[in-house]
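# Overview (structure and organization)
Residues per chain are reported as follows:
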Amino acid sequence: VQLQASGGGLVQAGGSLRLSCAASGRTFSGYAMGWFRQAPGKDREFVAAISWSGGTTAYADSVKGRFTISRDNAKKTVYLQMNSLKPEDTAVYYCAASVGRIYAGKEINAYEWWGQGTQVTVSS
């Protein structure tokens with residue numbers, strides 16, 4: 001499984017970005033997906049997760065109501081729409097896949113495959 005994240009950039013506080021993560025493999029619909037982020041000097045933390053069907057989602061409290069995770073199985077892509085961005089959202093964002101699980105949730109160790117990360121910088 002290869003994951004390619006894109007869509008990061010520099011944005012002012014209050015702005016929006018949409019991250020994309022394109023996956024390889026023939027059975028993307030069988031992957032549970034998640035987004036995590038890592039700020040300088042901090043541990044990688046959970047941001048959002050989505051089940052293979054898209055019917056179940058979960059969010060970190062810090063992003064709830066501002067971020068939306070979604071997926072398009074036909075395009076083998078998962079998205080993270082980020083609105084009302086804050087300077088504390090600045091981090092490298094990683095997408096992750098859990099093969100064979102319907103839903104992987106918040107646990108970082110549940111994900112076997114990781115993308116290369118995309119930088120999101122929010123200026124105040």
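Every value quoted in this text rests on a predicted model; they were computed, and no experiment measured them.

In this section: the pairing of strand 5 (residues 45–50). Burial within strand 5 is extensive, with 5 of its 6 residues counted as buried. As paired elements, strand 4 (residues 31–38) and strand 5 share 5 bridges and run antiparallel to each other. Following the sheet pairing, tryptophan 35 is matched in strand 5 by alanine 48. From the end of strand 4 to the start of strand 5, which pair antiparallel, there are 6 residues, and glycine 41 there has a positive phi angle of about 80 degrees. When strand 5 meets strand 6 (residues 57–59), the two strands line up antiparallel, connected through 3 bridges. Each residue of the ladder has a partner; that of alanine 49, found in strand 6, is alanine 58. Counting the residues that bridge the hairpin from strand 5 to strand 6 gives 6 residues, and of these glycine 54 lies at a positive phi of roughly 85 degrees.

The next thing to look at is the pattern of salt bridges. When the charged atoms of two side chains with opposite charge come close together, those side chains can pair. A full pass over the atoms with the stated rule returns 4 salt bridges. A salt bridge links aspartate 61 to lysine 64; the shortest N-O distance between them is 3.2 Å. In this structure aspartate 61 comes out as exposed when scored by relative accessible area, which is 66%. Measuring nitrogen to oxygen at the nearest pair gives 2.7 Å for the salt bridge that ties aspartate 89 to arginine 66. Placement of aspartate 89 in the loop between strand 8 (77–82) and strand 9 (91–99) and of arginine 66 in the loop between strand 6 and strand 7 (67–72) is noted, with a sequence separation of 23 residues between them. Exposure class is identical for aspartate 89 and arginine 66. Each is buried. Ionic contacts of the salt-bridge type, sharing partners, join the residues Arg37, Glu45, Arg66 and Asp89 into one network.

Attention now goes to the side chain of serine 98. Secondary-structure assignment places serine 98 in strand 9. Of note is the side chain of serine 98, whose polar atom sits 2.9 Å from the backbone oxygen of alanine 110. If sequence neighbours within four positions are ignored, serine 98 has contacts with Gly30, Tyr31, Ala32, Ala104, Ala110, Tyr111 and Glu112.

Below, the discussion takes up the environment of phenylalanine 46. If you trace the backbone, phenylalanine 46 turns up in strand 5. Once residues within four sequence positions are removed from consideration, phenylalanine 46 is found in contact with Trp35, Phe36, Ala58, Tyr59, Ala60, Gly105 and Lys106.

What counts and what doesn't
Residues numbered from 1 in each chain as written. Predicted model: local features only at pLDDT ≥ 70, side-chain atom pairs only at ≥ 80, totals over all residues. Heavy atoms only, no water. Buried < 20%, exposed > 50% of the residue type's maximum accessible area, 1.4 Å probe, protein only. Helix = DSSP H or I, 4+ residues; strand = E, 2+ residues; numbered from the N terminus. Pairing = 2+ DSSP bridges. Salt bridge = Lys/Arg side-chain N within 4 Å of Asp/Glu carboxyl O. Polar contact = N/O pair within 3.5 Å; in protein donor to acceptor, adjacent residues only side chain to side chain. Contact = heavy atoms within 4.5 Å.

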